[in-house]
Amino acid sequence: MIQGLQQLIRYTRIQEIVGDVIRLRGTGMALGDMAHVENTDGESSLARVIGLDRDIVSLQVFAGGKGLSTDATVQFLGRPLDVVYSDNILGRIFRGSGEPLDAGPDLSAEPRITVGGPTVNPAMRVMPTNMIETRVPMIDLFNCLVESQKIPIFSVAGEPHSELLARIGFQADADVLVFGGLGLIFDDYHFFRTAFEEHGVFGRTVMFVNQASDPLVERLLVPDMVLAVAEKFAVEQNKRVLVLLTDMTAYADAMKEIGVAQERIPAVRGYMGDLYTQLAQRYEKACDFKGAGSVTILTVTTMPGDDVTHPVPDNTGYITEGQFYLHGGIIDPFGSLSRLKQHVIGKATREDHSQIANTMIRFYSSAVDAQKKQAMAFELSPFDEKLLKFGKLFRERFMDIRVSIGVIDALDLCWKTLAECFEPQELLMKQSLIDKYFPGTE
């Protein structure tokens, strides 16, 4: 054996095949080690060790267990999962297995990095102070996206969460975009790819895509590959990296199916007891690195039946730093929250940001109440009429997710909208700000 190379171990008898999981007897393997599985018909696939019980080894087969024979050959490679990393992966699309999905140049000679490493030492993290401008007013004005933040978009089936995520991707002020698709139908995959290409960001984007027709096992690998690449760009090249993942509920469902195949005891609604831990390990990769770049994580988490107490959104809410609620095609201003916005509002933006955001939401809340009074045929006061006008303008100018406007222009539009509906004395704001920014005042 050549010095420095680990002896490859080959096994020729599989004891059991359950779904995409195979089991055999063996020793000397470690959790996460990779293996090469060759079927009797010559078809081959990679697999990864996911369980060790004395001498029983469980492996996830990337290509799935369908058609696999117990006489297949398994060769352990003695190394963990890795993925290609270099500047040449920008503008490329990869499968959940890490293999290129597009027809681009061969990358087999490029460097590779290990996937699924530990989260960052807290001593190497710095307090987030920079805003990522998305040009989506409901985010930039009221719930700012902050560098190194981890935040989900809570949505339901039928909502335009793909459109919103893509729009944030090609409009956001970031150096590198790393996209992970989990169980996407082809139409969604094509939509994201086309959106990034048409808006000129594909050249600084890396895509890892697991389609609905692809092996389930690969769905579990996509977040780790995405985050390994993102972290490398941030640490080694000082890049501000924005990670987009959709849909984390599909990821959790894949974990559930694999857990059932491993005969693990389920917890709430069939999900495994380590759901929180598995999600947290991925979300905690978000970081603003001391002396380097940053990784910001924005995900889509669909809520089955619009149930926020479902295990996936429920656990996610304890891990992340807020959430964007997407309801009725708009970002709900009352359910959404960014717990880090106070680090940038009025500091990375303009002095009037905090006051104008509070005033706009206060008036919109009153406008919703006025709408209810109108619907129940109550008599409306002159101020109620002003609120109804304001509510209409607010929805048109700010709440539509297709609106694209910079944060400073959005603040100016807020003042313009307020001036169209109210008198300065009705705003209940700091007089110094009214004197400086209210249209028509000196």
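A brief report on the enclosed structure follows. (Residues numbered from 1 in each chain as written. Predicted model: local features only at pLDDT ≥ 70, side-chain atom pairs only at ≥ 80, totals over all residues. Heavy atoms only, no water.)

1. Here we look at the side chain of T301
Residue placement: T301 occurs in strand 16 (residues 294-302). Residue classification places T301 among the buried positions, given a relative accessible area of 0%. Not counting residues within four places of it along the chain, the set of residues in contact with T301 comprises P152, I153, F154, S155, D247, M248, T249, Y283, V312, P313 and T316. (Helix = DSSP H or I, 4+ residues; strand = E, 2+ residues; numbered from the N terminus. Buried < 20%, exposed > 50% of the residue type's maximum accessible area, 1.4 Å probe, protein only. Contact = heavy atoms within 4.5 Å.)

2. Concerning the pattern of salt bridges
The full count for this structure, using the stated rule, is 25 salt bridges. Taking the shortest distance from any N to any O, the salt bridge between R350 and D412 comes out at 3.0 Å. Here R350, found in the loop between strand 19 (337-338) and helix 8 (353-375), pairs with D412, found in helix 10 (residues 407-421); they are 62 residues apart in sequence, far enough to count as distant. Residue classification places D412 among the partly exposed residues on the basis of a relative accessible area of 37%. Salt-bridge contacts for K436 lead to E351; the nearest nitrogen and oxygen are separated by 2.6 Å. Of this pair, K436 sits in helix 11 (residues 431-437) while E351 sits in the loop between strand 19 and helix 8; the two residues are 85 residues apart in sequence, bridging distant segments of the chain. According to the relative accessible area criterion, E351 is partly exposed, its value standing at 45%. Overlapping salt bridges bring together R79, D82 and R112 as one network. (Salt bridge = Lys/Arg side-chain N within 4 Å of Asp/Glu carboxyl O.)

3. Notes on helix 5 (residues 248-261)
A rise of 1.5 Å per residue sets the reference length of helix 5, with its 14 residues, at 20 Å; its end C-alpha atoms lie 20 Å apart and thus fit the reference within 8%. Residues M248, T249, A250, Y251, A252, A254, M255, I258, G259 and A261 constitute the buried set of helix 5. For helix 5, the N-terminal cap is D247; the gap from its side-chain oxygen to the backbone nitrogen of T249 is 2.9 Å. Once helix 5 ends, the next one or two residues include E263, with phi positive near 60°. (Expected span 1.5 Å × (residues − 1). Polar contact = N/O pair within 3.5 Å; in protein donor to acceptor, adjacent residues only side chain to side chain.)

4. Overview of the pairing of strand 3 (residues 21-25)
Burial of strand 3 is extensive: four of the five residues sit out of reach of the surface. Pairing between strand 2 (residues 16-18) and strand 3: three bridges, direction antiparallel. Looking at the pairing, V18 lines up with V21 of strand 3. Turn length for the strand 2-strand 3 hairpin, with the two strands adjacent in sequence and antiparallel, is two residues, and the turn residue G19 shows positive phi of about 65°. For strand 3 and strand 6 (residues 56-61), the ladder comprises five bridges, and the chain directions are antiparallel. Pairing of L24 across the sheet is with V57, part of strand 6. (Pairing = 2+ DSSP bridges.)

5. With respect to the packing of aromatic side chains
Overall, the coordinates contain 21 aromatic pairs when judged by the stated rule. With a centroid separation of 5.2 Å and 20° between ring planes, the pair formed by F94 and F208 is classed as stacked. Taken together, the residues F94 in strand 9 (residues 92-95) and F208 in strand 13 (residues 205-211) connect sequence positions 114 residues apart. Considered together, F94 and F208 belong to a single accessibility category, that of buried residues. Sitting over the ring of Y271, K256 keeps its end group 4.3 Å from the ring centre. Sitting over the ring of F363, R362 keeps its end group 4.9 Å from the ring centre. (Phe/Tyr/Trp six-rings, centres within 6.5 Å; stacked < 30°, edge-to-face > 60°. Lys NZ or Arg CZ within 6 Å of the ring centre and 35° of its normal.)

6. Focus: the sheet that holds strand 2
Spatial ordering of the open sheet is given by 1-7-4-5-6-3-2, a layout of seven strands whose pairing is antiparallel. The sheet is open, and its two edges are formed by strand 1 (9-11) and strand 2, each paired on a single side. For this sheet, the mean inter-axis angle between neighbouring strands, taken without regard to orientation, is 30°. One ladder, built from three bridges, connects strand 1 with strand 7 (residues 73-80); its direction is antiparallel. Considered in strand 7, the bridge of Y11 is made with V74. The sheet strands contacting helix 5 are strand 2, strand 3, strand 5 (44-53) and strand 6, and the helix crosses strand 3 at an angle near 35°. (Axes fitted to C-alpha atoms, helices over the stretch in contact; angles between N-to-C directions.)

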